[in-house]
Amino acid sequence: AIAEMYPSRPLDVRNRECSDQKRSLARKATEFVSEEDVIGIDAGSTAVLFAEALKEKFNKLTVITYSLPVFELLCDYREFSVILIGGYFIKNERFFCGALTLDMLERVNMKKSFIFPAAVSLKSGICYYSQEEYILVRKVIASSSEVFVLADSSKFEKTGLLKLNNMKPEYVYITDSLLQDGIVKLYKENSIKIYFGKEEK
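Residues numbered from 1 in each chain as written. Predicted model: local features only at pLDDT ≥ 70, side-chain atom pairs only at ≥ 80, totals over all residues. Heavy atoms only, no water.

S.K.: What is the right way to read the sheet that holds strand S12 (residues 194–196) from this model?
M.R.: Two strands in a sheet stick together by hydrogen bonds in their backbones, pointing the same way (parallel) or opposite ways (antiparallel). Strand order in the open sheet formed by 7 strands is S3-S2-S1-S6-S9-S11-S12, with parallel pairing between adjacent strands. Every interior strand has two partners, whereas the edge strands, strand S3 (81–84) and S12, have only one. Geometrically, the sheet is characterised by an average inter-axis angle of 25° between neighbouring strands, direction not taken into account. Of the pairings in the sheet, the one linking strand S11 (residues 172–175) to S12 comprises 3 bridges and is parallel in character. Along S12, the bridge assignment pairs Ile 174 with Tyr 195. Packing of helix H3 (residues 45–57) onto the sheet brings it into contact with strand S1 (38–41), strand S6 (110–115) and strand S9 (144–150), and relative to S1 it is tilted by some 150°. (Pairing = 2+ DSSP bridges. Helix = DSSP H or I, 4+ residues; strand = E, 2+ residues; numbered from the N terminus. Axes fitted to C-alpha atoms, helices over the stretch in contact; angles between N-to-C directions. Contact = heavy atoms within 4.5 Å.)

Have a look at this one:
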């Protein structure tokens, strides 16, 4: 299946889709965060749920993001330090992009980055539909020591227009428990480790 070049529905609508699965994998992802970490958070509907899960678990983090909803959720919370990477604002998607955004990303270092692609496939790699976000995520990965790929099960073994890179074994992949057993077996055979929001297969 081919992922759309641009989402047909705005972010606030997508926030309500597969919300239980997205919430479960977002909570699982918090297990890879430590108090006082410096982390980067990509944009998207799962990013919002991940930010909410961080609030439930941590008192002090440094968060770097170009997502306005993530910033709004975390900016006043406890001892969180939040750096908003600004620039040209994409209204429907609620994130900043462009030359100014890229310039700011060049100047920060993140211990861990959490990205939310449109599609993930062993053959086609990690894919995005938006050129603007694709360029940002490439920069985020280059500035991070560890990369965590969060995607609900509906996004696996799909193909997107823009290939970020291959599914690398050194990345951590987190999804929900609905991912098909055959896909899980295929990934294990290719040294790709998958973590699940509910029971691990």
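S.K.: Just checking my understanding: could you explain the sheet that holds strand S8 (residues 125–128) for this structure?
M.R.: Strand order in this open sheet of 3 strands is S7-S8-S10, and the pairing throughout is antiparallel. Every other strand in the sheet has two partners, leaving strand S7 (119–121) and strand S10 (162–165) as the edge strands with one partner each. When strand polarity is set aside, the average angle formed by the axes of neighbouring strands in this sheet is 30°. With 3 bridges connecting them, S7 and S8 associate as antiparallel partners. The residue bridging Val 120 from the neighbouring strand is Ile 126, located in S8. Lying over the sheet, helix H6 (residues 131–142) contacts S8 and S10, oriented at roughly 5° with respect to S10.

S.K.: Would you mind going over the pairing of S8 with me for this structure?
M.R.: On a regular strand, one side chain projects to one face of the sheet and the next to the other, so that they alternate. As consecutive antiparallel partners, S7 and S8 are separated by 3 residues. Bridging between S8 and S10 involves 3 bridges; their strand directions are antiparallel. Across the sheet, Tyr 128 pairs through a bridge with Leu 162, a residue of S10.

S.K.: I would appreciate a short explanation of the packing of aromatic side chains in the present structure.
M.R.: The geometry of two aromatic rings is summed up by the distance between their centres and the angle between their planes. In this structure the tally under the stated criterion is 10 aromatic pairs. A centroid spacing of 6.3 Å and a plane angle of 55° characterise the contact between Phe 50 and Phe 116, whose relative ring orientation is tilted. Highlighted residues: Phe 50 in helix H3 and Phe 116 in the loop between S6 and S7, separated in sequence by 66 residues. Here Phe 50 matches Phe 116 in class, with each residue buried. Residues Tyr 171 and Tyr 173 carry aromatic rings whose centres are separated by 6.5 Å and whose planes lie at 45° to one another, so their mutual orientation is tilted. Every member of this aromatic cluster is reached through a ring pair, and the members are Phe 32, Phe 50, Phe 114, Phe 116, Phe 148 and Tyr 195. The ring centre of Tyr 195 lies 5.4 Å from the NZ or CZ of Lys 193, which sits over that ring. (Phe/Tyr/Trp six-rings, centres within 6.5 Å; stacked < 30°, edge-to-face > 60°. Buried < 20%, exposed > 50% of the residue type's maximum accessible area, 1.4 Å probe, protein only. Lys NZ or Arg CZ within 6 Å of the ring centre and 35° of its normal.)

All we've got here are geometric facts, nothing functional implied.
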